Amino acid sequence: DMNTEGDVYEDKLMSYFARLNYSFQDRYLLEANFRADASSRFHKDNRWGFFPSFSAGWIATAEKFMENQKIVDYLKLRASWGRVGNDQSGSRFMYMPSVWSQNGSYSFGINNPNSLEAYGEGTLGNTDVTWETADKQNYGIDLKFFNSRLSATFDYFIEHRTGILISPESTPSIIATALPNLNIGKVDNHG
């Protein structure tokens, strides 16, 4: 009797990335990023996610009205917005139904055992599963005082995460298969 078992998992990720930086007079700063990712964890119709980001900065101490003051050596105001994606929150092949198996034996009469193997659908597939995304905003100030002997940085962020994979409400008992996870979760963070 020989028995062999094993699992092979392979994920594929394809990405395109572009960045544009612009600085005008070393005081007005702009940056734009564009990213597109495709993940094999999703159905072919939902593999691609698009994740742009933008940021702007202003170095106020480079302006003429800041030249004659002696307290603030450096003052920069920053703001950014960006979207990121996560394809790792669920299991592989969630777009396909899973199958369960059960081994057992039964007998008719004495000393006449027969083996039985049963299969059934374990979890329904969900071809609509896609990227979990987070939209992030950040606002900040960078300061230097007294010939750069003292510095301070202040940041405030806001994050709105959507498409989190969670299990829907409990499955009715008449259905033997489990319902698939859905991209229905949301979380907001700030601080």
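All values derive from a computational prediction rather than experimental measurement.

1. Regarding the layout of surface pockets
Within this model, the largest pocket holds a volume of roughly 160 Å³. Lining the largest pocket we find 15 residues, and of these Ser 53, Phe 54, Trp 81, Gly 82 and Arg 83 sit closest to its centre. Among the elements that take part in the lining of the largest pocket, strand 5 (residues 72-86) stands out by supplying five residues, more than any other.

2. Concerning the packing of aromatic side chains
According to the stated counting rule, one finds seven aromatic pairs in the structure shown. Ring geometry for Phe 145 against Phe 146: centres 6.1 Å apart, planes inclined by 40°, an arrangement best described as tilted. Owing to a relative accessible area of 18%, Phe 145 belongs among the buried residues under this scheme. Taken together, the aromatic side chains of Phe 34, Phe 54 and Trp 81 make up a single cluster linked through ring pairs.

3. Quick look at empty space enclosed by the protein
Summed over the entire model, instances satisfying the criterion amount to one cavity of 30 Å³ or more. Of the pockets and cavities examined, the largest cavity occupies roughly 30 Å³. Lining the largest cavity are Phe 42, Asn 86, Asp 87, Ser 89, Gly 90, Met 94, Thr 130, Glu 132, Gly 163, Leu 165 and Asn 183. Here the residues of the lining of the largest cavity are counted per class, giving three nonpolar, six polar and two charged.

4. Some words on unusual backbone geometry
Even without being a glycine, Asp 26 presents a positive backbone phi close to 55°. Examined against the element boundaries, Asp 26 turns out to sit in the loop between strand 1 (13-24) and strand 2 (28-39). A relative accessible area of 61% means that Asp 26 is categorised as exposed. Within the chain, Asn 147 stands out as a residue other than glycine whose phi angle is a positive 55°. Within the secondary structure, Asn 147 sits in the loop between strand 8 (132-145) and strand 9 (150-166).

5. Digging into the pairing of strand 2
Both strand 1 and strand 2 contribute to a ladder of twelve bridges, which runs antiparallel. Its bridge partner being in strand 2, Asn 21 is matched across the sheet by Glu 31. Where strand 1 folds back onto strand 2 in an antiparallel hairpin, the turn is made up of three residues, including Gln 25, whose phi is positive at roughly 55°. Relative to strand 4 (residues 53-59), strand 2 runs antiparallel, the two sharing six bridges. Counterpart to Asn 33 in the pairing with strand 4 is Ser 53. Inspection of the sheet shows strand 2 paired to strand 3 (residues 48-50) by three bridges, in the antiparallel sense. Of the residues in strand 3, the one forming a bridge with Ala 38 is Trp 48.

6. Brief notes about the confidence of the model for the protein chain
Model confidence for the protein chain is summarised by a mean pLDDT of 83, while 77% of its residues fall at 70 or above. Between the elements of the protein chain, mean pLDDT differs from a low of 61, seen in strand 6 (residues 98-107), to a high of 97, seen in strand 4.

Reading the values: rules and limits
Starting from 1, residues in each chain are numbered consecutively following that chain's sequence as written. Given that the model is predicted, a residue must reach a pLDDT of at least 70 before its local features are reported, and side-chain atom pairs must reach 80 or more before they are shown or counted; all residues, however, enter totals for whole chains, interfaces and linings. Where side-chain values are given, they derive from all heavy atoms of the structure, hydrogens and water being excluded. In the cavity and pocket records, a cavity denotes points on a 1 Å grid over the protein atoms alone where a 1.4 Å probe fits but cannot get out, a pocket denotes an open set with protein on both sides within 12 Å along at least 5 of 7 lines, and lining residues are residues with an atom within 4 Å of a point. Grid points are joined across faces, edges and corners, and a volume is the space filled by probe spheres set on the points. Strands here are runs of E lasting at least two residues and helices are runs of H or I lasting at least four, both read from the DSSP assignment and numbered beginning at the N terminus. Each pair of aromatic rings taken from Phe, Tyr and Trp, with Trp reduced to its six-membered ring, is defined by centres within 6.5 Å and is described as stacked if the planes are under 30 degrees apart, edge-to-face if over 60, and tilted in the remaining cases. Only protein chains enter the accessibility calculation, which uses a 1.4 Å probe; a residue whose area is less than 20% of its type maximum is buried, one above 50% is exposed, and one in between is partly exposed. Note that Gly is not counted as nonpolar here; it falls among the polar residues with everything else outside the nonpolar set of Ala, Val, Leu, Ile, Met, Phe, Trp, Tyr, Cys and Pro and the charged set of Asp, Glu, Lys and Arg. DSSP-based pairing: two strands are paired if at least 2 bridges between them are found. A residue's pLDDT is the predictor's confidence in that residue, given on a scale from 0 to 100.

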